[in-house]
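If you want the building blocks of each chain, they are given just below.
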Amino acid sequence: SSRRGDFCTQCTCSESERLIDCRGQDLVLIPKTFSFRQLWTPRVLDLRNNPRLAVLGTDALAAISDSLEELILPRSMRHIALGGVNNLTALKVILFEEDPALDQKNADLEVEGTAALTATRSMSHTLNNAIARSSDFFGDVCCSRGHHVDLQWPPDGLTFCDMA
């Protein structure tokens, strides 16, 4: 569905796991509202297997910005707006669906060792406006290192492209 709607209408919400599971919903846009805000707050948002979802815009996650700690993005994600993650005050982890740790633990997010390195590499090559390792560079985009967002994962956080 291409309409934005509510997270718990478009996706499966689990209060006990504090999870919004949007896997395989054929989303084009991220849902806009979270109607259960007074009852519980989500900690994890899983957007895997949404091949038409390519952009995380500014304030796209505003409805869950104060509680979201872990964000799992589809491999189709190409652009993350700085305002899309910078305003997520509790955010600690961003992963892509290629991360082998996700297959192993089904989103338990116990990332370590070689699997963690693989996940960081795949993230860097997926996005066109952010890098996840201090040794990376902005491939075919002419820009310098811009704003940086510290995260527990990826270990080097995210550094955004500055076109100025």
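Just above, that's the structure.
My aim in this report is to walk through the structure given alongside it, one point at a time.

Rules and cut-offs
- Residues numbered from 1 in each chain as written.
- Predicted model: local features only at pLDDT ≥ 70, side-chain atom pairs only at ≥ 80, totals over all residues.
- Heavy atoms only, no water.
- Helix = DSSP H or I, 4+ residues; strand = E, 2+ residues; numbered from the N terminus.
- Buried < 20%, exposed > 50% of the residue type's maximum accessible area, 1.4 Å probe, protein only.
- Contact = heavy atoms within 4.5 Å.
- Areas by Shrake-Rupley, 256 points an atom, 1.4 Å probe, with all protein chains shown as cover.
- Phe/Tyr/Trp six-rings, centres within 6.5 Å; stacked < 30°, edge-to-face > 60°.
- Disulfide = S-S within 2.5 Å.
- Pairing = 2+ DSSP bridges.

With that out of the way, let us pick up the overall build of the protein chain. In terms of regular secondary structure, the protein chain is built from four helices and ten strands. For the protein chain, the N- to C-terminal ordering of α and β elements is α-β-β-β-β-β-β-α-β-α-α-β-β-β. The buried share of the protein chain, reckoned over its 164 residues, is 50%. Sequence separation of at least 24 residues holds for 56% of the intrachain contacts in the protein chain that already meet a minimum separation of 6. Here the protein chain displays about 8000 Å² of accessible surface, and carbon together with sulfur accounts for 48% of that area.

Moving on to the packing of aromatic side chains. A complete count under the given rule lists two aromatic pairs for this structure. Geometrically, the ring pair formed by Phe-34 and Phe-36 is edge-to-face, given 6.5 Å between the ring centres and 65 degrees between the ring planes. The class of Phe-36 is partly exposed, set by a relative accessible area of 34%. Ring geometry for Phe-34 versus Trp-40: centroids 5.2 Å apart, planes at 85 degrees, classification edge-to-face. The burial state of Phe-34 is the same as that of Trp-40; both residues are buried. A network of ring pairs unites the aromatic residues Phe-34, Phe-36 and Trp-40 as a single cluster.

Per the stated rule, a full pass over the model turns up two disulfides. What pairs with Cys-8 in a disulfide is Cys-13, and their sulfur atoms sit 2.1 Å apart. Of note, the bridge from Cys-8 to Cys-13 carries an S-S torsion of about -100 degrees and is left-handed in sense. We classify Cys-8 as buried; its relative accessible area is 19%. With relative accessibility at 25%, the residue Cys-13 sits in the partly exposed group.

Taken together, three strands build an open sheet; the order of strands is β8-β10-β9 and the sheet is antiparallel. Among the strands making up the open sheet, the edge pair consists of β8 (130-131) and β9 (144-149). As judged from the two bridges shared by β8 and strand β10 (residues 158-162), these two strands associate in the antiparallel manner. Residue pairing across strands places Ala-130 opposite Phe-160, the latter belonging to β10.

Shape is all these values report; function is a separate question.
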